[in-house]
Every structure is written in structure tokens, then in C-alpha cells.
Amino acid sequence: MLANSNLVSLAFAGSIGMTFVILACALPQYKLWWPFFVVLFYILCPIPTMIARRHTDGAGGSNSACMETAVFITMGFLVSSFALPIVLARAGVIFWGACYLTLAGNVIVYLTILGFFTIFDMDDSDYAMW
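In this numbering scheme, every chain counts its residues from 1 along its sequence in written order. In keeping with the predicted nature of the model, local features appear solely for residues at pLDDT of at least 70, side-chain atom pairs appear and are counted solely at 80 or more, and the whole-chain, interface and lining totals rest on all residues. Just so you know, side-chain values use all the structure's heavy atoms and leave hydrogens and water out.

- With an unreviewed UniProt entry as reference, the protein chain is termed Leptin receptor gene-related protein, source organism Bombyx mori.
- UniProt positions are given in the numbering used here, feature names are shortened, and annotations may be inferred rather than shown by experiment. Under the UniProt heading Sequence similarities (unreviewed entry), the entry covering the protein chain gives this text: "Belongs to the OB-RGRP/VPS55 family."

### Observations concerning the packing of helix H3 (residues 47–55) against helix H4 (residues 65–90)
- H4 packs onto H3 with a crossing angle of 170° between their chain directions and a minimal axis gap of 8 Å. The orientation of H3 relative to H4 falls into the category roughly antiparallel. Across the interface between the two elements, Pro48, Thr49, Ala52, Arg53 and His55 from H3 touch Cys66, Met67, Ala70, Ile73, Thr74 and Phe77 from H4.
- Under the convention adopted here, Pro, Cys and the residues Ala, Val, Leu, Ile, Met, Phe, Trp and Tyr are nonpolar, Asp, Glu, Lys and Arg are charged, and Gly plus all remaining residues are polar. Broken down by class, the residue content of the contact of H3 with H4 amounts to seven nonpolar, three polar and one charged. Helix axes are fitted to C-alpha atoms over the stretch in contact, other axes to C-alpha atoms as well, and angles between N-to-C directions run from 0 to 180 degrees. Strands are runs of DSSP state E lasting at least two residues, helices are runs of H or I lasting at least four, and both sets are numbered from the N terminus onward. Relative orientations are named as follows: roughly parallel for angles under 35 degrees, roughly antiparallel for angles over 145 degrees, roughly perpendicular for angles from 65 to 115 degrees, and oblique for any other angle. Should any heavy atoms of two residues lie within 4.5 Å, those residues are counted as being in contact.

### Quick word on the side chain of Thr102
- Residue position: Thr102 is located in helix H5 (residues 96–128).
- To sort residues, take the accessible area from a 1.4 Å probe on protein chains only and compare it with the maximum for the residue type: under 20% means buried, over 50% means exposed, and anything in between is partly exposed. Take Thr102: its relative accessible area is 0%, and that puts it in the buried class.
- Beyond its immediate sequence surroundings of up to four residues, Thr102 is in contact with Val21, Ala24, Pro35, Val38, Tyr42 and Pro85.

### Some details on the nonpolar core
- Listed in full, the ten residues of the largest apolar core are Val21, Val38, Val39, Phe41, Tyr42, Cys45, Val109, Tyr110, Ile113 and Phe117.
- Elements supplying a minimum of two residues to this core: helix H2 (38–44) and H5.
- In contact with Phe41, other than residues within four places in its own chain, are Phe77, Ser80, Ser81, Leu84 and Tyr110.
- In this description, a nonpolar core means a group of buried Ala, Val, Leu, Ile, Met, Phe, Trp, Tyr and Cys residues linked to one another through side-chain atoms lying within 4.5 Å. One finds Ala24, Leu88, Ala98 and Leu103 within the second-largest nonpolar core, a separate group that totals nine residues.

If you want it as C-alpha cells, here you go:
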């Protein structure tokens, strides 16, 4: 029951974050869909970590080179998703309001992704100790 309420809360938070990103693109004063490219980073961000978790051994594999490389690539995606709207706004491609809405959406979506991995990784660790 607790997992269902957590999942609903995460889905709600993710939809709020995506609403900010869509508003940054679709409001009449902005009308440009360039900020929507951050969704590509949302999709790519958890992939290296999921692959590294699959390929690490169970005996203290948290500090392996594979996991550290995955974290490095994940941080590259994360920084790029925050840098893209700032660079677009500085170049005059999008308005600063669209940039701020995209950055707010980034914060909410990445906190949702972090919450997903934190909550559902915690469930696995409870079973792993037996």
C-alpha cells in the first residue's frame, strides 16, 4: 500500500515538472519548442546508472569503476539539461521566462527521478538483508 501511494506521489510530481516544461514551450508569448529538448536528457539520465547497477557485483560494488563512470555520465546529462535553457536564453533563442520555467521543471523532474530511485532501491535493500 505504501509503494502505491509513493508511486502516485512521484507520478504527480513528475507531471507537475513536465507541465512547467510544456508551459515554457507553449505559452503564447514564448511559442518556441526548443526547451522541450530537455526531455531527451530526462530519458537518458537514469540509463547509465541502471546499466551500472546491473553489471556491478554484489560484494561492495558501489565504488566500482563502472558505477563511477555511470555517475559521471549521469551528471553530464544533468548539467546539460540545466545548461541548455540558459544557453538558449543567453543566445536570444528563447525568452528568459521560458528558461525559468524549464529550470523549475528540471528541478522537479530530477527530484522525482531521485525519489523514484531512492524509494524503490530502499525496498530492494530490505529484502537483500535476509
